[in-house]
Structure formats: C-alpha cells, structure tokens
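# Structure assessment
Read off the chains here:
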Amino acid sequence: MPRETGRKVIAQNKRARHDFHVEDTFEAGLVLQGTEVKSLREGRASLSDGYASIDDGEAWLMNVHIPEYAQGTWTNHTARRKRKLLLHRKEIDKLAAKTKEGGLTIVPLVLYFKDGKAKVEIGIARGKKDWDKRQTLADQQAKREMARALRQRNR
C-alpha cells in the first residue's frame, strides 16, 4: 500500500481569524490514541473552542473535540481530552514567553494530515475588540468591491 503524501485538511478554525489577530504560527505534531486517528481519518473534528497552554515545559492542546470512533470498543477515547503537542524546546520556550506577556493566547488554526501524520497549526494571537472586527469586515468588503470594479472595467 503506498504511503500518504501531501496535506489533507481535517478541520479549520475560521472563527479564530475573525476573533484574533494572529501574530505568529507554528506547526506541531499531536500525541493521539488509535481511535482518535481513525476518527480524524473520517474527517470529524472541531477546533472552535480549542486553545493551547504550556504546563511544566510541555505544550498541551485543550478542548478540541474529536468525536468517539463509531466502531471503537472499550478502548475508545474521550472526546475532549487534553492532548500533548509535539514541539521543539525552543518553540515551547518562545510560546511560553509570549503568553506570559499578557493579552496573548495560543489558538489552534488548522488540523490536518501531512504525509500521513496528524499535525495542528497553532497561532499566537491577540484578541480583537468589536470595533476591530467591524474594521476588518469593512476592509474585506472594500477589497471585494475594488476587485469587482476592476473585473467590470476589464471586460
């Protein structure tokens, strides 16, 4: 059987980019149980309430919902358990230093398979205020209108 290659996206946290200014991103591996991997291969996961934290020099992914595997037996996993993130020591230290600054948090952005291995893209983010969100939406709408006008003019 040939090995998997490429990137297959399982879940995206679109709300994160709406609610936060993402300053920096990291790719991290995940420590998963067998039934979690099978459930992810079915394309079932939710990052909407997820966040990451640094405890005792280790990075942990919290509150990410990976539903129980339908054909799982007594070995099935808990849906919202705490999962360890696999990062280099320098990356963990950088994340810990940034989150101690205050006002910054670590949010999962994308969950995917890369060459057959489960990965998560996490971002260091600062929360947006309501007026920031309105400004972002207005900017996006202005860009769309400009692109539409250019398309109409070029016809």
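About the cut-offs
- Residues numbered from 1 in each chain as written.
- Predicted model: local features only at pLDDT ≥ 70, side-chain atom pairs only at ≥ 80, totals over all residues.
- Heavy atoms only, no water.
- Helix = DSSP H or I, 4+ residues; strand = E, 2+ residues; numbered from the N terminus.
- Buried < 20%, exposed > 50% of the residue type's maximum accessible area, 1.4 Å probe, protein only.
- Contact = heavy atoms within 4.5 Å.
- Phe/Tyr/Trp six-rings, centres within 6.5 Å; stacked < 30°, edge-to-face > 60°.
- Lys NZ or Arg CZ within 6 Å of the ring centre and 35° of its normal.
- Pairing = 2+ DSSP bridges.
- Salt bridge = Lys/Arg side-chain N within 4 Å of Asp/Glu carboxyl O.
- Polar contact = N/O pair within 3.5 Å; in protein donor to acceptor, adjacent residues only side chain to side chain.
- pLDDT = per-residue confidence, 0-100.
- Patch = residues over 30% accessible without salt bridge, like charges linked within 9 Å, V, L, I, M, F, W, Y side chains within 5 Å.
- Areas by Shrake-Rupley, 256 points an atom, 1.4 Å probe, with all protein chains shown as cover.
- Lys, Arg positive; Asp, Glu negative; His and termini not counted.
- Charge placed at Lys NZ, Arg CZ, Asp CG, Glu CD.

### Notes on the overall build of the protein chain
- What the protein chain contains, in helices and strands, is 4 helices and 7 strands.
- The C-alpha extent of the protein chain, read off along each of the three principal axes, is 60 × 40 × 25 Å.
- Expressed as a percentage of the 155 residues in the protein chain, the buried residues total 35%.
- For the protein chain, the proportion of contacts with a sequence separation of at least 24, taken over those separated by at least 6, is 70%.

### Digging into the packing of aromatic side chains
- Counting across every chain of the model gives 0 aromatic pairs.
- Taking the ring centre of tryptophan 60 as reference, the NZ or CZ of lysine 82 above it sits at 4.7 Å.

### Some details on the pairing of strand β3 (residues 51-55)
- Pairing between β3 and strand β4 (residues 58-62): 5 bridges, direction antiparallel. Bridge pairing links serine 53 to tryptophan 60 in β4.
- Between β3 and β4, which follow one another and run antiparallel, lie 2 residues, and aspartate 56 among them has a positive phi close to 55°.

### Quick word on the pattern of salt bridges
- Counting across every chain of the model gives 12 salt bridges.
- For the salt bridge of arginine 81 with glutamate 36, the shortest nitrogen-to-oxygen distance reads 2.9 Å. Placement of the pair is arginine 81 in the loop between β4 and β5 (83-86) and glutamate 36 in helix α2 (residues 34-41), with a sequence separation of 45 residues.
- Residue arginine 44 pairs with glutamate 42 through a salt bridge whose shortest N-O separation is 3.3 Å.
- Given the relative accessible area of 33%, arginine 44 is considered partly exposed.
- By sharing partners, the salt bridges in this structure join Arg15, Asp19 and Lys133 into a single network.

### Section: the environment of tyrosine 112
- Among the secondary structure elements, tyrosine 112 is positioned in strand β6 (residues 104-114).
- Look at tyrosine 112 and you get buried, because its relative accessible area is 1%.
- Between the C-alpha atom of tyrosine 112 and that of alanine 11, which follows or precedes it by 101 residues, the distance is 6.9 Å.
- When neighbours within four sequence positions are excluded, tyrosine 112 is seen to be in contact with Arg7, Lys8, Val9, Ile10, Glu27, Lys117, Ala118, Lys119, Val120 and Glu121.
- For tyrosine 112, the side chain forms a polar contact with the side chain of glutamate 27, separated by 2.4 Å.

### Comments concerning the confidence of the model for the protein chain
- Summary statistics for the protein chain give a mean pLDDT of 87 and a share of 99% for residues scoring 70 or more.
- Here α2 is the element of the protein chain with the lowest mean pLDDT, 84, and β4 is the one with the highest, 94.

### Here we look at a positive patch on the surface
- Residues Arg144, Arg148, Arg151 and Arg155 make up a contiguous surface patch of positive charge.
- The topology assignment puts arginine 148 in helix α4 (residues 130-154).

### Thoughts on unusual backbone geometry
- One non-glycine residue, aspartate 56, adopts positive backbone phi at about 55°.
- Positive phi values are uncommon outside glycine, yet aspartate 115 reaches one of about 55°.
- With respect to the helices and strands, aspartate 115 occurs in the loop between β6 and β7 (117-127).
- For aspartate 115, a relative accessible area of 39% translates into the label partly exposed.

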